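A structural walkthrough
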Amino acid sequence: MQLIRSFSDYRKQDRDLVLAIGNFDGMHRGHAAVIKRTVGLAHISKLEAAVMTFTPHPRQFFRPDEIMYTLSTFRDKFESLKSCGVDKLFNLRFDAAFASMDARTFVRDMLIGRLGVKKVIVGSLFYFARGGRADFSVLKSLCEQYGAEAYAQDGILIEGQRVSSSAVRESLLRGDLAAAALMLDRPYSITGRVCHGNALGRTMGFPTANVHFFDMQPPLNGVYAVRVHTVYGDYDGMCNAGMRPSIRENDKRFLLEAHLFNFSGDLYATPIRISFISKIRDETVFSNLNELKERLSLDRLSAQVSLSSFKKRGL
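Described in the following lines is the structure provided in the data block. (Residues numbered from 1 in each chain as written. Predicted model: local features only at pLDDT ≥ 70, side-chain atom pairs only at ≥ 80, totals over all residues. Heavy atoms only, no water.)

**Digging into the pairing of strand S9 (residues 189-193)**
The criterion, for reference: Residue exposure (1.4 Å probe, protein chains only): buried if accessible area is under 20% of the type maximum, exposed if over 50%, otherwise partly exposed. Numbering of helices and strands runs from the N terminus, with a helix taken as a DSSP run of H or I at least four residues long and a strand as a DSSP run of E at least two residues long. Between any two strands, at least two bridges found by DSSP are needed for them to pair.
When you tally the buried positions in S9, you get four out of five residues, the bulk of the element. Here five bridges tie S9 to strand S14 (residues 271-281), and the two strands are oriented antiparallel to one another. Residue pairing for S14: threonine 191 is matched across the bridge by arginine 273.

If you want it as C-alpha cells, here you go:
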C-alpha cells in the first residue's frame, strides 16, 4: 500500500481512484463496512482503492486544549487498511489551510482535479469543508457536477446504538471492554515498540515490557488482563495503562507496562501488540512498594481467572 502525506506528493496514475474519506480511528465495524464497499467498487470498476485520513484528528485541531483519546496508532491504522486491500493511503496534514477550504475547491480541485477520484464513499454522517458545514448532499451534488459519484454508507447499529469511534472510546473509558470488542469485532488492541524502563517491576518479580506513547493517549487507565503478541509468540499477561502514580509523580507521559506470564527473554526494541480482554481495577496510589507488590500478586490471579474464562468462551 502506497502512503502519500500531501497533495503535492501525488501524481495521478494510469488508474483513477475510488476514495473513502474519514478518520478511521480504531477500524470498527462501521469503518470496515466503508472500506469493504470501497475495495469492492474499485475491483468492479477496475480502479484503485484509496483512503483519505488526517493528522492530527480534526477535533484535536479545533479543540487543542481538550484531551483527545485516540484508539489507533498510525501503524495500527496503516496495517488494518493494508490488510483490507487498500492500494493508497492519503494521510494528510489537517491544518488551517485545509480547515478553511470550501467544499467546491475540495471536490473540484483536490479530489477530482488533482487525485483523479471517480467515486467517493463516506459515512452517512459525514461533514466537511470550511466550518464542517457541508454534508453528504453537498458532496453528492458537487461530484455529479464534475463527473464523479458519491456514496453514503449507512451506519452499523448494535442494540440500537450506532457504532462509532466515540462510542468505542466511551466504552473503554468506563471499563466495558466487552462492549468495545463487540463494536470493533475483536478485543481492543494497540501496537508499540518495547523501550527501556526503570526495571523496578523486575526487582519485585514482575518484569514488564514498556511501551511509551508520546503523541497519543489511548482511552485506558488501570490494570487489565491482556493477551500479548510478540515476535516469540503469544502470551497471557496483565498490563498497567496510565501514568503509574505510585512511581512517577511528575511524569505525565502515558505508558503501557505489560507483564507476560511464563515468559523469559528480551523484548527490547521489538514490536508488541497488546489485546485488552478485561479490566481488573483502576490505577491506585500505594503507600510503599511492598503494598504495591501484594496488590500485583492479587492482580495476577484476577487476570489469570479472567483469561481462563475468555478462552473457555472460545473468544
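More follows now that the structure is in view.
**A few points about unusual backbone geometry**
For the bond running from threonine 55 to proline 56, omega is -5°, close enough to zero to count as cis. Along the polypeptide, proline 56 turns up in the loop between strand S3 (48-55) and helix H2 (58-62). Of note in this structure, alanine 269 is not a glycine but carries a positive phi near 75°. Here alanine 269 is to be found in the loop between strand S13 (254-260) and S14.

**Notes on the environment of methionine 52**
This is how the line gets drawn: Contacts were defined at the residue level, with two residues in contact if any of their heavy atoms lie within 4.5 Å.
Topologically, methionine 52 is positioned in strand S3. In sequence terms methionine 52 and leucine 19 are 33 residues apart; their C-alpha atoms lie 7.0 Å from each other. Those residues within four positions of methionine 52 in sequence are excluded, and the remaining contacts are Phe7, Leu19, Ala20, Ile21, Gly22, Phe24, Phe90, Leu92, Phe106, Leu111 and Leu115.

**Some words on the pairing of strand S6 (residues 149-153)**
Convention followed: Crossover handedness is defined by viewing with both strands directed away from the observer: a clockwise path from the first strand over the helix to the second marks the crossover as right-handed.
Judged from the five bridges that link them, strand S5 (residues 117-123) and S6 form a sheet pairing that is parallel. If you follow valine 122 over to S6, its bridge partner there is alanine 152. Once you follow S5 into helix H6 (residues 136-145) and on to S6, the crossover reads as right-handed.

**Looking at the sheet that holds strand S4 (residues 88-93)**
We count it as follows: Axis angles are defined between N-to-C directions and span 0 to 180 degrees, where every axis is a line fitted to C-alpha atoms and, for a helix, only to the segment in contact.
Spatial strand order, S1-S4-S3-S2-S5-S6: six strands in an open sheet with parallel pairing. Single-partner strands in this sheet number two, and they are strand S1 (2-4) and S6. Across the sheet, the axes of successive neighbouring strands diverge by a mean angle of 25°, strand direction being ignored. Examined bridge by bridge, strand S2 (residues 17-21) and S3 share five bridges and lie parallel to one another. Each residue of the ladder has a partner; that of leucine 17, found in S3, is glutamate 48. Against the sheet, helix H1 (residues 29-45) touches S2, S3, S5 and S6, its axis set at about 175° to S2. On top of the sheet, helix H3 (residues 74-83) reaches S1, S3 and S4; it is set at about 150° to S4, its chief contact.

**Some details on the side chain of threonine 191**
Put simply, the test is: For the purposes of these results, a polar contact is taken to be a pair of N or O atoms within 3.5 Å, where, inside protein, one atom must be able to donate a hydrogen and its partner to accept one; residues adjacent in sequence count only when each atom of the pair is a side-chain atom.
Structurally, threonine 191 is set in strand S9. Only 2.6 Å separates the side chain of threonine 191 from the side chain of aspartate 76, close enough to count as a polar contact. Not counting residues within four places of it along the chain, the set of residues in contact with threonine 191 comprises Thr73, Arg75, Asp76, Phe213, Ile272 and Arg273.

**As for the nonpolar core**
Threshold: Grouping buried Ala, Val, Leu, Ile, Met, Phe, Trp, Tyr and Cys residues that are joined through side-chain atoms within 4.5 Å yields what is termed a nonpolar core.
With 34 residues, the main nonpolar core has Ile21, Met52, Phe90, Phe106, Leu111 and Leu139 as its most contacted residues. Those elements that place two or more of their residues in this core are S2, S3, S4, helix H4 (96-99), helix H5 (103-114), S5 and H6. Broken down by element, the residue count for this core peaks at six residues, all from H5. Here leucine 139 is in contact with Val107, Val120, Val122, Phe126, Phe128 and Ala150, once residues within four sequence places are set aside. One finds Val163, Val194, Cys239 and Ile272 within the second-largest nonpolar core, a separate group that totals 33 residues.

**Brief notes about the sheet that holds S9**
Overall, antiparallel pairing links the six strands, which are arranged S9-S14-S11-S12-S13-S10 in an open sheet. With partners counted over all chains shown, the strands left at the sheet margins are S9 and strand S10 (209-213), one partner each. Within the sheet, the average angular offset between the axes of one strand and its neighbour, ignoring direction, is 35°. The strands that helix H10 (residues 289-312) touches are strand S11 (222-230), strand S12 (233-242), S13 and S14; relative to S14, the one it contacts most, it runs at about 100°.

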